[in-house]
Every structure is written in C-alpha cells, then in structure tokens.
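# Examining the three-dimensional arrangement
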Amino acid sequence: MAQPLPSPVTGSIRDGVHYYAVRAFYEDTDLSGVVYHANYLRWFERARSDLLDLIGVDQRAAVEAGEGAYSVADLSIRYKAPARLGDIVLIETRAVKLGRASVELAQRALRAETLLADMDVRVGFVSPDGRPRRQPDAWLAAFETVAPTRNESR
C-alpha cells in the first residue's frame, strides 16, 4: 500500500494568537549565513496567509469571483537580532484592529525567546480595480474570532 504524501505545514491559533514555524534554509541567507532582511517579509506573509486559511477566509475564491483581495496598505518592520542558517523561527500574528475594509496585524519573529523582528501591517480589502471596498461579511465574522477590537471607521 502506498503511503500518502506529506501535507504542507500549517500553523495553529491559541488564545487569539496565530503561530507559524519556519526554518531558515540556505536560500534564505546571505553569504555569511544570516537571513536576508527581505525574507522576514516572506515569512510574515506566509503566516498571514496561513491565518486566513485557518479562520476560513478563501482569498482565491474571492479573487476568482471578482470580489477582490487583501493588499498591504502599509507596514513598519524593526529588526532586532539576526536569524541564521538552520534556525527554527516562530512567527506570531495578532489581529490588532478590524475595520470594514482593513485589518491591522502585529507580527513577531522569534528564535526561542529571542525577538528577531517585529512588524505592524495594515492590509486593506481592494476591488479588482484596486479601490478599497468593504470586506465580505463572512470575513469580518471570521476575523472577529481572533481580533480583540473592531474599528468601524475603516
């Protein structure tokens, strides 16, 4: 009997915080074995995408239906310590504010107890022509399961 192929890694949500683990591979590093700064953005994006999957937000279906998609509106990242080749890095994601058309998230990259980087990001829901629009009601409801506050002004 053939054994099933492995499934992709997924994170988990505990007490309103999403956790997603990554490993720093050779391709993530520069010549000195330190993780290249832009790869933190990739890791944070993967964690956000995994969070959406876990709460039932189907981005692909929304795009294919012509409804729209999330787009990064702004972000601020701070680098605290380097990750290195072979490190296991835990990405934590917290929903900070939920608005009608946007979500603000706080993300951290940790190696054990060491903070490597943290980022604040706001993603807005945009129509296919790039204009802001209200998120689908089902998405708002899904985010309310992990978002501590709701800001109606956005």
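See above for the structure.
Residues numbered from 1 in each chain as written. Predicted model: local features only at pLDDT ≥ 70, side-chain atom pairs only at ≥ 80, totals over all residues. Heavy atoms only, no water.

Here we come to unusual backbone geometry. Non-glycine residue D15 carries a positive phi angle of around 50°. By secondary structure assignment, the location of D15 is in the loop between strand 1 (12–14) and strand 2 (17–23). Look at D15 and you get exposed, because its relative accessible area is 82%. We note that A112 has phi near 55°; this positive angle belongs to a residue other than glycine. (Helix = DSSP H or I, 4+ residues; strand = E, 2+ residues; numbered from the N terminus. Buried < 20%, exposed > 50% of the residue type's maximum accessible area, 1.4 Å probe, protein only.)

Moving on to the sheet that holds strand 4 (residues 88–98). Spatially, six strands are ordered 1-2-4-5-6-3 in an open sheet, and the strand pairing comes out antiparallel. If you trace the sheet from one side to the other, it starts and ends with strand 1 and strand 3 (69–79), each paired once. The sheet shows a mean angle of 25° between the axes of neighbouring strands, taken without regard to direction. Sheet analysis places strand 4 next to strand 5 (residues 102–111), joined by eight bridges and oriented antiparallel. Of the residues in strand 5, the one forming a bridge with K97 is E104. Each of strand 1, strand 2, strand 3, strand 4, strand 5 and strand 6 (114–126) is contacted by helix 1 (residues 38–55), which is oriented at about 135° to strand 2, the strand it contacts most. Sheet strands in contact with helix 3 (residues 137–144) are strand 3, strand 4, strand 5 and strand 6, and its direction is about 115° off that of strand 4. (Pairing = 2+ DSSP bridges. Axes fitted to C-alpha atoms, helices over the stretch in contact; angles between N-to-C directions. Contact = heavy atoms within 4.5 Å.)

Our focus in this paragraph is the packing of aromatic side chains. Scanning all chains against the criterion turns up six aromatic pairs. Between Y40 and W43, the aromatic rings sit 5.4 Å apart at their centres with planes inclined by 65°, giving edge-to-face as the arrangement. Note that Y40 and W43 are positioned in helix 1 at a spacing of three residues, about one turn of the helix. Given a relative accessible area of 1%, W43 falls into the buried group. A centroid spacing of 6.4 Å and a plane angle of 85° characterise the contact between Y70 and F143, whose relative ring orientation is edge-to-face. Residue Y70 is found in strand 3, and its partner F143 is found in helix 3; the two are separated by 73 residues along the sequence. Just as Y70 is buried, F143 falls in that class too. (Phe/Tyr/Trp six-rings, centres within 6.5 Å; stacked < 30°, edge-to-face > 60°.)

In this structure, the largest pocket encloses a volume near 220 Å³. Lining the largest pocket are V9, Y20, A21, V22, R23, F25, E27, D28, W43, R46 and I88. Elements that contribute at least two residues to the lining of the largest pocket include exactly strand 2 and helix 1. Among the elements that line the lining of the largest pocket, the one with the most residues is strand 2, at four residues. (1 Å grid on protein atoms, 1.4 Å probe; cavity = no way out; pocket = protein on both sides within 12 Å on 5 of 7 lines; lining within 4 Å. Points joined across faces, edges and corners; volume = space filled by probe spheres on them.)

With seven of ten residues buried, strand 5 is to be regarded as a mostly interior element. Hairpin connection between strand 4 and strand 5: a loop of three residues separates the two successive antiparallel strands. Summarising the sheet, strand 5 and strand 6 pair through ten bridges and their orientation is antiparallel. The partner of A106 across the bridge, within strand 6, is D120. Joining the antiparallel neighbours strand 5 and strand 6 is a turn of two residues, in which A112 adopts a positive phi near 55°.

Any functional reading would require information beyond the geometric quantities listed.
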